[in-house]
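Observations on chain architecture
What follows is each chain in one-letter form.
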Amino acid sequence: METIRVNLGSRSYDIRVQVAGLAAIGNWAAGFPIEKKVMVVADENTAFLFGRQAKDSLQQAGFSVTMAVVPAGEASKSLSQADVLYAQAIVAGLDRNCAIMALGGGVVGDLAGFVAATYLRGVPFLQVPTTLLSQVDSSVGGKVAVNHHLGKNLIGAFYQPMGVLIDPQTLQSLPPREFASGMAEVIKYGLIFDADFFAKLSDAAAAVQNRDPQQLAGIVADCCRMKAAVVERDEQDLGERMLLNFGHTAGHAIETAGEFSRFTHGEAVALGMLVAGRLSELTGMLPQGTTDEIRRVGSAYGLPLSADGLDAAELISHMGTDKKRAAGQLRWVLLERIGQATLRSGIATESIEKALREILPIE
Ligand SMILES: NC(=O)c1ccc[n+]([C@@H]2O[C@H](COP(=O)([O-])OP(=O)(O)OC[C@H]3O[C@@H](n4cnc5c(N)ncnc54)[C@H](O)[C@@H]3O)[C@@H](O)[C@H]2O)c1
Ligand SMILES: [Zn+2]
């Protein structure tokens, strides 16, 4: 078992990474200064896979448990779904000292966290992420949100959980495409923060792809440590935390061009990291050939290396509406070397186009 402390003053909390930790979820929850009444939010899949075990363990630890199950998928990250959860919390008699627990991927985590942040002006929030993406990314850092029909994640808050429990064993049932998508974010951490970690991902690809729980525990804990360190220095996403957007400027544009159905977020980010890598080479700050190394590791984890049928002008226009844009100027996260990223603005559109054309064989 590994524990990663996230130091945020009075909002500090621990992330516990524990193989088979789900079986001990009741004892874990009982360790917090909360009432013995909890609402567990899961989606249909995670309720089926883990609901019974979680409920039994929580009840054995003395909790009365309300299970709130939402449809699986991004559409559940909505104000109307939040409203359904508010009603369930009110009917269950949840008061200010009762926790809301997310048991699922990033959709469940963002939604349950948003409800926890707003119900009664905020109740304790516990996170039990079950996808690779949510274990290494969305459960760390306290961003919670629902979508608006005019855009993703537009209604939300910074709301830190009271604790996070990660059981890498839950990843055994994750569909291959979801697993690969999470790996894109894992690879991202190596590229922007830690060359040794990137090398480890390259060496351990076979074991990780076989979902060896101990390997996964080590990798997930490393990612949480890296993200926690950035969040501690820049909780509100005003500076260094933006480095986590590596691969996301082009990635979001690719995701949008695919109408959020052709590519998963992670697949789009994997392509976006190749674009940002190539752009870094074109601007002369990254040694030529580094993008090939990124491509090699992405391929070992089943991530896409190119995509046809996309349009460069359309992608650039999607970047122009990227909400991460600062003061009208697109800010790119570029690489100086593997393990070292930097923010740059004022990149020539021609260079962006060239990088897009070279990575994606597009018009
Ligand atoms: N808050 C943040 O900082 C942050 C960061 C990144 C992404 N996000 C958000 O996260 C969301 C995406 O998260 P996600 O990729 O986890 O998607 P998700 O929650 O939709 O999960 C993907 C699918 O996997 C299923 N699933 C979950 N755990 C499983 C398991 N162990 N075995 C089998 N199936 C399982 C789910 O039911 C779902 O069908 C997006 O809404 C995104 O905006 C938030
Ligand atoms: Zn991402």
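Small disclaimer: the values here were computed from a predicted structure and weren't measured.

Let's shift gears to the site of ligand 1. Within the structure, ligand 1 sits among 26 residues, and Asp43, Glu74, Gly106, Thr131 and Ser173 are positioned closest to it. Residue Thr170 places a main-chain N or O atom 2.9 Å away from a nitrogen atom belonging to ligand 1. Taking 860 Å² as the accessible area of ligand 1 by itself, protein coverage stands at 85%. Taken together, the elements giving at least two residues each to the shell around ligand 1 come down to helix H2 (44-60), helix H4 (106-118), helix H5 (132-138) and strand S8 (151-158). No other element matches H2, which puts four residues into the shell around ligand 1. Classifying every residue of the shell around ligand 1 by side-chain character gives seven nonpolar, ten polar and nine charged.

On to the sheet that holds strand S6 (residues 125-129). One open sheet holds the seven strands; their spatial order is S1-S2-S9-S6-S5-S3-S4, and the pairing between them is mixed. Sheet topology places strand S1 (2-6) and strand S4 (64-70) at the edges, where each strand pairs with a single neighbour. The mean inter-strand angle of the sheet, taken between neighbouring strand axes irrespective of direction, is 20°. Relative to S6, strand S5 (residues 99-104) runs parallel, the two sharing five bridges. Its bridge partner lying in S6, Ile100 is registered against Phe125.

Glycine aside, a negative phi is what most residues show, and trans is what most peptide bonds show. Positive phi, close to 60°, is recorded for Arg121, a residue that is not glycine. Assignment of secondary structure puts Arg121 in the loop between H4 and S6. Residue classification places Arg121 among the exposed positions, given a relative accessible area of 81%. A positive phi angle is found at Asp237, which is not glycine, with a value near 65°. Summarising the element assignment, Asp237 is placed in the loop between helix H9 (213-233) and helix H10 (248-257). Overall, the relative accessible area of 18% leaves Asp237 in the buried class.

Moving on, we come to the packing of aromatic side chains. According to the stated counting rule, one finds one aromatic pair in the structure shown. Directly above the ring of Phe63 sits Lys36, whose terminal nitrogen or CZ lies 5.7 Å from the centroid. Positioned above the aromatic ring of Tyr189, the side-chain terminus of Lys188 is 5.4 Å from the ring centre.

Time to look at the coordination of the zinc ion (ligand 2). Binding of the zinc ion (ligand 2) to the protein goes through Glu185 (OE), His248 (NE2) and His265 (NE2), at separations of 2.0 to 2.1 Å. Donor residues binding the zinc ion (ligand 2) come from one chain and are separated in sequence as E-x62-H-x16-H. Of this pair, Glu185 sits in helix H6 (residues 176-193) while His265 sits in helix H11 (residues 265-282), and the two are 80 residues apart along the sequence.

Now for the domain arrangement of the chain. For the chain, the assigned domains read domain 1 (2-173) and domain 2 (177-359). Placing a centre on the C-alpha atoms of domain 1 and another on those of domain 2 gives a separation of 27 Å. Residue-level contacts link 28 residues of domain 1 with 29 residues of domain 2. Here domain 1 meets domain 2 over a buried area of about 2,500 Å², counting both sides, of which 64% is carbon and sulfur. Of all residues in domain 1, Leu132, Val136 and Phe158 bury the most surface against domain 2, accounting for 23% of the area lost on that side. Scanning the region where domain 1 abuts domain 2 turns up four salt bridges. A salt bridge links Glu2 to Arg225, with the nearest nitrogen and oxygen atoms 3.1 Å apart. Our count for the domain 1 to domain 2 interface comes out at eleven residue pairs in polar contact (both at pLDDT 80 or more). Elements with a contribution of two residues or more to the side of domain 1 that touches domain 2: S1, strand S2 (13-17), H5 and S8. In terms of residue count, H5 provides more of the side of domain 1 that touches domain 2 than any other element does, five residues in total.

A word on the packing of H10 against H11. In the contact formed by H10 and H11, the axes pass within 7 Å of each other and the chain directions differ by 130°. One finds that H10 runs oblique with respect to H11. Where H10 crosses over H11, the two elements pack in a sense that is right-handed. Contacts between H10 and H11 pair His248, Ala250, Gly251, His252, Ile254 and Glu255 from the former with His265, Ala268, Val269, Leu271, Gly272 and Val275 from the latter. Of the residues assigned to the contact of H10 with H11, the class counts are six nonpolar, five polar and one charged.

Counting residues in each nonpolar core, the largest one holds 80 residues, and the members touching the most others are Ile15, Ile187 and Trp332. If one sorts the elements of this core by residue count, H9 sits on top with eleven residues. Residue assignment places this core across two domains, with domain 1 (2-173) and domain 2 (177-359) each supplying three or more. Among residues more than four places away in sequence, those in contact with Ile15 are Glu2, Thr3, Ile4, Val6, Val140, Val164, Ile166 and Cys224. Tyr86, Leu94, Ala102 and Val115 belong to the second largest nonpolar core, which has 24 residues in total.

Another aspect to go through is the pairing of S8. Judged from the five bridges that link them, strand S7 (residues 143-148) and S8 form a sheet pairing that is antiparallel. By the bridge assignment, Ala145 is partnered in S8 with Gly156. Linkage of S7 to S8, two consecutive antiparallel strands, is achieved through a turn of two residues.

Each value, and the rule that gives it
Residues numbered from 1 in each chain as written. Chains lettered and ligands numbered in written order. Predicted model: local features only at pLDDT ≥ 70, side-chain atom pairs only at ≥ 80, totals over all residues. Heavy atoms only, no water. Near = heavy atom within 4 Å. Polar contact = N/O pair within 3.5 Å; in protein donor to acceptor, adjacent residues only side chain to side chain. Areas by Shrake-Rupley, 256 points an atom, 1.4 Å probe, with all protein chains shown as cover. Helix = DSSP H or I, 4+ residues; strand = E, 2+ residues; numbered from the N terminus. Nonpolar A, V, L, I, M, F, W, Y, C, P; charged D, E, K, R; others polar. Pairing = 2+ DSSP bridges. Axes fitted to C-alpha atoms, helices over the stretch in contact; angles between N-to-C directions. Buried < 20%, exposed > 50% of the residue type's maximum accessible area, 1.4 Å probe, protein only. Phe/Tyr/Trp six-rings, centres within 6.5 Å; stacked < 30°, edge-to-face > 60°. Lys NZ or Arg CZ within 6 Å of the ring centre and 35° of its normal. Donors = N, O, S within 2.8 Å, 3.2 Å for Na, K, Ca; no water. Domains from an automatic or database assignment. Contact = heavy atoms within 4.5 Å. Buried area = accessible area lost by both parts, 1.4 Å probe. Salt bridge = Lys/Arg side-chain N within 4 Å of Asp/Glu carboxyl O. Parallel < 35°, antiparallel > 145°, perpendicular 65-115°, else oblique. Left-handed = near helix turned anticlockwise from the far one by under 90°. Core = buried A, V, L, I, M, F, W, Y, C linked by side-chain atoms within 4.5 Å.

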